[in-house]
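Residue-level listing of the chains:
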Amino acid sequence: MAKSDITGRRKLKAQNVSHSNIKTKRWQNINIQRRRVWVPELGRFVSLMLTTRDIRTIDKIGVVKYAKRHGVSL
């Protein structure tokens, strides 16, 4: 299943809406990437399934701080 290891985000239910306003169900998939992230506190790499938004935030604040924000231990 496509799911972020830190935030737990997964695909969402959505609707296609036609010109005549007929609504049909569909899935909105999230952009999941498998990444090896260096954790300096542990001194090793950790493989994680992350959304692209997770990756951008980890680049900005760091993986340990981001995991702590979401209550996940590495």
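Not measured: the values here are computed from a predicted model. (Residues numbered from 1 in each chain as written. Predicted model: local features only at pLDDT ≥ 70, side-chain atom pairs only at ≥ 80, totals over all residues. Heavy atoms only, no water.)

## Brief notes about the environment of S73
Item 1. Among the structural elements, S73 can be located in the segment after α2 (63–69).
Item 2. Between the C-alpha atoms of S73 and I6, which are 67 residues apart in sequence, the distance is 9.0 Å. (Helix = DSSP H or I, 4+ residues; strand = E, 2+ residues; numbered from the N terminus.)

## Some words on the packing of aromatic side chains
Ring pairs (aromatic) are described by centroid distance and by the angle formed between their planes.
Item 1. This model, assessed by the stated rule, comprises one aromatic pair.
Item 2. Summarising the aromatic geometry, the rings of W38 and F45 are spaced 5.1 Å apart at their centres and angled 70° between planes, so their arrangement reads as edge-to-face.
Item 3. Note on F45: relative accessible area 40%, which makes it partly exposed.
Item 4. Here the guanidinium or amino end of K11 rests over the ring plane of W27, the centre of that ring lying 4.5 Å away.
Item 5. When the ring centre of F45 is taken as reference, the NZ or CZ atom of R36 above it lies at 4.1 Å. (Phe/Tyr/Trp six-rings, centres within 6.5 Å; stacked < 30°, edge-to-face > 60°. Buried < 20%, exposed > 50% of the residue type's maximum accessible area, 1.4 Å probe, protein only. Lys NZ or Arg CZ within 6 Å of the ring centre and 35° of its normal.)

## Description of the environment of K11
Item 1. Within the secondary structure, K11 sits in the segment before β1 (12–17).
Item 2. Each C-alpha atom of the pair K11 and N31 lies 9.3 Å from the other, and the pair is 20 residues apart in sequence.
Item 3. With near-sequence residues (within four places) excluded, K11 lies in contact with A2, W27, Q28 and N29. (Contact = heavy atoms within 4.5 Å.)

## Things to note about the nonpolar core
Item 1. In terms of nonpolar packing, the biggest core is built from ten residues, these being I6, V37, V39, V46, L48, L50, I55, I58, V63 and Y66.
Item 2. Mapped by element, the contributors of at least two residues to this core are β3 (32–39), β4 (44–51), α1 (52–61) and α2.
Item 3. Ranked by the residues each element gives to this core, the list is headed by β4, at three residues. (Core = buried A, V, L, I, M, F, W, Y, C linked by side-chain atoms within 4.5 Å.)

Purely spatial values, then, with no claim about function.
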